[in-house]
Amino acid sequence: MDGAAEREFREYVAARQGALFRSALLLTGHRQDAEDLLQTALAKLATRWTSLRGSGSPDAYLRKILYHQQVSLWRRMRHRRERAYAELPEPVAQVADPAGTTALRVALAEALRGLTPRQRAVIVLRYYEDLPEAEIATILSCSVGTVRSQTHRTLARLRVSCPELSLTMEMR
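Quick caveat, the model's predicted, so the values are computed rather than measured.

A. Spotlight on the overall build of the protein chain. Secondary structure assignment for the protein chain yields eight helices and zero strands. Going from N to C terminus, the protein chain has its helices and strands arranged as α-α-α-α-α-α-α-α. Across the 172 residues of the protein chain, 33% fall into the buried class. Of the contacts made within the protein chain by residues no fewer than 6 positions apart, 65% connect residues no fewer than 24 positions apart.

B. Quick peek at the nonpolar core. Core analysis: the biggest nonpolar cluster contains 30 residues, and Tyr12, Leu38, Leu42, Leu45, Leu62, Leu66 and Leu140 have the highest contact counts within it. When residues of this core are traced back to their parent elements, those giving at least two are helix 1 (3–28), helix 2 (31–52), helix 3 (58–76), helix 5 (117–128) and helix 6 (133–140). Setting aside its immediate chain neighbours within four residues, Leu140 contacts Tyr67, Arg118, Ala121, Val122 and Leu125. Residues Leu112, Leu115, Ile123 and Leu155 belong to the second largest nonpolar core, which totals eight residues.

C. The packing of helix 1 against helix 2, seen in detail. Put simply, helix 1 and helix 2 touch, their axes get as near as 9 Å, and they point 145 degrees apart. Once helix 1 is placed against helix 2, the crossing between them reads as right-handed. Together, Ala5, Glu8, Phe9, Tyr12, Val13, Gln17, Leu20, Phe21, Ala24, Leu25, Leu27 and Thr28 of helix 1 and Arg31, Asp33, Ala34, Glu35, Leu37, Leu38, Leu42, Leu45, Ala46, Trp49 and Thr50 of helix 2 make up the contact between the two elements.

D. Layout of the pattern of salt bridges. This model, assessed by the stated rule, comprises seven salt bridges. Where Glu6 meets Arg10, a salt bridge forms, and the shortest distance between an N and an O atom there is 2.9 Å. In this pair, Glu6 and Arg10 are both assigned in helix 1, four residues apart and thus about one turn of the helix distant. With relative accessibility at 33%, the residue Glu6 sits in the partly exposed group. The partner of Glu129 in a salt bridge is Arg63, and the shortest N-O contact between them spans 3.1 Å. With a gap of 66 residues between them, Glu129 in the loop between helix 5 and helix 6 and Arg63 in helix 3 connect regions that are remote in the sequence. Glu129 sits in the buried class, given a relative accessible area of 18%. Take Arg63: its relative accessible area is 13%, and that puts it in the buried class.

E. Expanded view of the environment of Leu66. Within the secondary structure, Leu66 sits in helix 3. We classify Leu66 as buried; its relative accessible area is 2%. The sequence separation of Leu66 and Lys44 amounts to 22 residues, and the corresponding C-alpha distance is 9.9 Å.

F. Representation of the packing of aromatic side chains. Within the structure shown, the criterion is met by two aromatic pairs. On the numbers, 5.3 Å between centres and 70 degrees between planes, the contact of Phe9 with Trp49 is edge-to-face. Here Trp49 lies in helix 2 and Phe9 lies in helix 1, a separation of 40 residues in the sequence. In terms of burial, Phe9 and Trp49 fall into one category: buried. A ring pair is formed by Tyr12 and Trp49, whose centres lie 5.2 Å apart and whose planes are at 40 degrees; its orientation type is tilted. With Tyr12 in helix 1 and Trp49 in helix 2, the pair connects residues that are 37 residues apart, well separated along the chain.

G. Region of interest: the packing of helix 5 against helix 6. For the pair helix 5 and helix 6, interaxial distance at closest approach is 10 Å and the crossing angle is 140 degrees. The angle between the axes of helix 5 and helix 6 places the two elements in the oblique class. The hand of the helix 5/helix 6 crossing is right-handed. Every residue of helix 6 that contacts helix 5 at Arg118, Ala121, Val122, Leu125 and Arg126 is listed here: Glu133, Ile136, Ile139 and Leu140. Class assignment for the residues of the contact of helix 5 with helix 6 results in six nonpolar, no polar and three charged.

Definitions and cut-offs
Residues numbered from 1 in each chain as written. Predicted model: local features only at pLDDT ≥ 70, side-chain atom pairs only at ≥ 80, totals over all residues. Heavy atoms only, no water. Helix = DSSP H or I, 4+ residues; strand = E, 2+ residues; numbered from the N terminus. Buried < 20%, exposed > 50% of the residue type's maximum accessible area, 1.4 Å probe, protein only. Contact = heavy atoms within 4.5 Å. Core = buried A, V, L, I, M, F, W, Y, C linked by side-chain atoms within 4.5 Å. Axes fitted to C-alpha atoms, helices over the stretch in contact; angles between N-to-C directions. Left-handed = near helix turned anticlockwise from the far one by under 90°. Salt bridge = Lys/Arg side-chain N within 4 Å of Asp/Glu carboxyl O. Phe/Tyr/Trp six-rings, centres within 6.5 Å; stacked < 30°, edge-to-face > 60°. Parallel < 35°, antiparallel > 145°, perpendicular 65-115°, else oblique. Nonpolar A, V, L, I, M, F, W, Y, C, P; charged D, E, K, R; others polar.

Shown next, in the form of structure tokens:
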């Protein structure tokens, strides 16, 4: 990568790192895993930067890298049932935080962890990234109908596993 391309890449990362990290965090559910996932994805993006910088859409390529890298990790970890934590997580029911939004976020994060990799990706891409169904279908290498049905099933599953979310949605 030449000096100008490297400067452009650094500027791109500096401008987009917050949003990219949030996407990685939503896909992984853990801060350290999100940092690792984003670092790997950015390293892969850097190798292709000179050909992508003129396309005008490195975000789409990076989202695809993030998703595929996370799916690869899920596949490798499929049989691993235990997860190491610095501190034991508190159950959602025992959250003594008076702020309702914090409790809702904790409950939603727990519900998202219970989703399959594809369900989680569909919800993140559709409602967090606010991508159209056609673009999600391209990223996930499936049809638009599959994206719609996965979205419908996943929202139904979230309403069951996180009833607080349904109440919040009804109030709006």
